[in-house]
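Summary of structural features
Okay, here's what each chain looks like letter by letter:
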Amino acid sequence: MIDVLSTFRWRDAIDILLVAVVVYRIFVIFKGTRAVQMLIGLGVLLAATGIARRLELFTLGWILDNFWTFWIIAFVVLFQPELRRALTRLGQGRLFQSLIGGSREERAHVIDDVVTAAEVLAARRAGALIVLERGTGLRQYAELGVGLDALVSADLLISIFLPLTPLHDGAVLIQGSRIVAASCFLPLSRSLHPGRPLGSRHRAALGITEETDAVAVTVSEETGQVSMTVEGTLETPADLEQLRRRLNEHLGGAPVVESRGVLRRGARRLLSRADDNA
């Protein structure tokens, strides 16, 4: 042990740290997908190979050893969707950003778009449910909706939730700076909230935040009230500025240097545009 520590260099520490970050981000990318079950299955096969060698189970060991001879081909076949997505991000220059995580400024701009859309939808009494992913993957719910893979923008969120549009029913799921899916149906909460009748959108917001660490923003169709749900708790911010602050606290966004008047004018512009298109 002393010999190992004596030869340990600062470059080795940096090397270990970088590998740990990359491995961690890869597991985060895989989390919430079918690839997790595949990784568990490969882990079981690896453990079975070690046990077969230890117990001298020659036939089973021979079968597993031949499997590992072609493990590269099996890896490519099993994880083809994830590898294709990673190569696409590499070609678009977004792979490094995926490994280190999105910037705080990027998350803050996403929050501003969500708050602006919520303000416009609340003024029009258009119901909405927007779910923002944190650590727990939401891909299993996204696969049940309509895939979009579009950059988050207030215009797009408003157009999705306007009444009579094909995707207005259900939830929008946001991963990082992209809307991954719309018209997603989420598990409803079974918890009781005495004295406060809840609609299906609010129960879905409670349900998804009880099962995951996501944050949900809900606009009531009946009252136009905007609420936020996190960790199975429904909050009603006093105003949209408080909603923005609470979202920044939970999502780690940096405050965007932008005056309240500019944001208000942007919301009014979007509202007038929505009225013109109605």
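None of the values given here were measured: they were computed from a predicted structure.

The buried fraction of strand β1 (residues 128–132) is high, at 5 of 5 residues. Judged by which residues are buried, β1 turns out to be covered on both faces: A128, I130 and L132 on one side and L129 and V131 on the other are all buried. Relative to strand β5 (residues 215–219), β1 is paired through 5 bridges, and the arrangement is antiparallel. Bridge pairing in β5 links A128 to V219. The sheet contact formed by β1 and strand β3 (residues 171–175) spans 3 bridges and is parallel. Note that in β3 the partner of I130 across the bridge is V172.

All right, on to the sheet that holds β3 then. An order of β2-β4-β3-β1-β5-β6-β7 is seen for the 7 strands of this open sheet, with the pairing classed as mixed. On the outer flanks of this sheet lie β2 (146–151) and β7 (233–235), each paired with one strand and no other. Adjacent strand axes in the sheet meet at a mean angle of 20°, parallel and antiparallel pairs treated alike. Inspection of the sheet shows β5 paired to strand β6 (residues 226–230) by 5 bridges, in the antiparallel sense. Pairing of V219 across the sheet is with V226, part of β6. Contacts from helix α8 (residues 104–123) reach β1, β3, β5 and β6 within the one sheet, and its direction differs from that of β5 by about 20°. Relative to β1, helix α10 (residues 154–161) is tilted by about 135°, and along the sheet it contacts β1, β2, β3 and β4 (178–184).

Within the protein chain, residue pLDDT values average 78, and 72% of them lie at 70 or more. Ignoring residues within four places in sequence, the model shows residues 256–262, a span with pLDDT below 50, making 6 contacts including any to other chains.

This brings us to the pattern of salt bridges. Two side chains that carry opposite charge are able to pair once their charged atoms sit near each other. Using the criterion set out here, one finds 6 salt bridges in the structure. Salt-bridge contacts for E221 lead to R201; the nearest nitrogen and oxygen are separated by 3.3 Å. Highlighted residues: E221 in the loop between β5 and β6 and R201 in helix α11 (residues 200–211), separated in sequence by 20 residues. Given a relative accessible area of 43%, E221 falls into the partly exposed group. The class of R201 is buried, set by a relative accessible area of 18%.

All right, on to α8 then. Compared with an ideal rise of 1.5 Å per residue, which puts 20 residues at 28 Å, α8 spans 29 Å between its outermost C-alpha atoms and is within 8% of the ideal. Looking only at α8, the buried set comprises A108, V110, I111, D112, V114, V115, T116, A117, A118, V120, L121 and A122.

Our next topic: the side chain of S177. Mapped onto the elements of the fold, S177 is located in the loop between β3 and β4. In this structure S177 comes out as buried when scored by relative accessible area, which is 18%. Those residues in contact with S177, other than ones at most four positions away along the chain, are E106, V110, A150, L151 and V152.

Here the focus is a nonpolar patch on the surface. A cluster of nonpolar residues, I51, L55, L57 and L60, forms a patch on the protein surface that exposes about 370 Å² of accessible area. Among the structural elements, L60 can be located in helix α4 (residues 58–69). Classification of L60 as partly exposed rests on a relative accessible area of 40%.

To continue, consider the environment of L46. By secondary structure assignment, the location of L46 is in helix α3 (residues 35–54). Assessed through its relative accessible area of 56%, L46 is described here as exposed. Along the primary structure L46 and L64 are separated by 18 residues, whereas in three dimensions their C-alpha atoms are 8.5 Å apart.

About the thresholds
- Residues numbered from 1 in each chain as written.
- Predicted model: local features only at pLDDT ≥ 70, side-chain atom pairs only at ≥ 80, totals over all residues.
- Heavy atoms only, no water.
- Buried < 20%, exposed > 50% of the residue type's maximum accessible area, 1.4 Å probe, protein only.
- Helix = DSSP H or I, 4+ residues; strand = E, 2+ residues; numbered from the N terminus.
- Pairing = 2+ DSSP bridges.
- Axes fitted to C-alpha atoms, helices over the stretch in contact; angles between N-to-C directions.
- Contact = heavy atoms within 4.5 Å.
- pLDDT = per-residue confidence, 0-100.
- Salt bridge = Lys/Arg side-chain N within 4 Å of Asp/Glu carboxyl O.
- Expected span 1.5 Å × (residues − 1).
- Patch = residues over 30% accessible without salt bridge, like charges linked within 9 Å, V, L, I, M, F, W, Y side chains within 5 Å.
- Areas by Shrake-Rupley, 256 points an atom, 1.4 Å probe, with all protein chains shown as cover.

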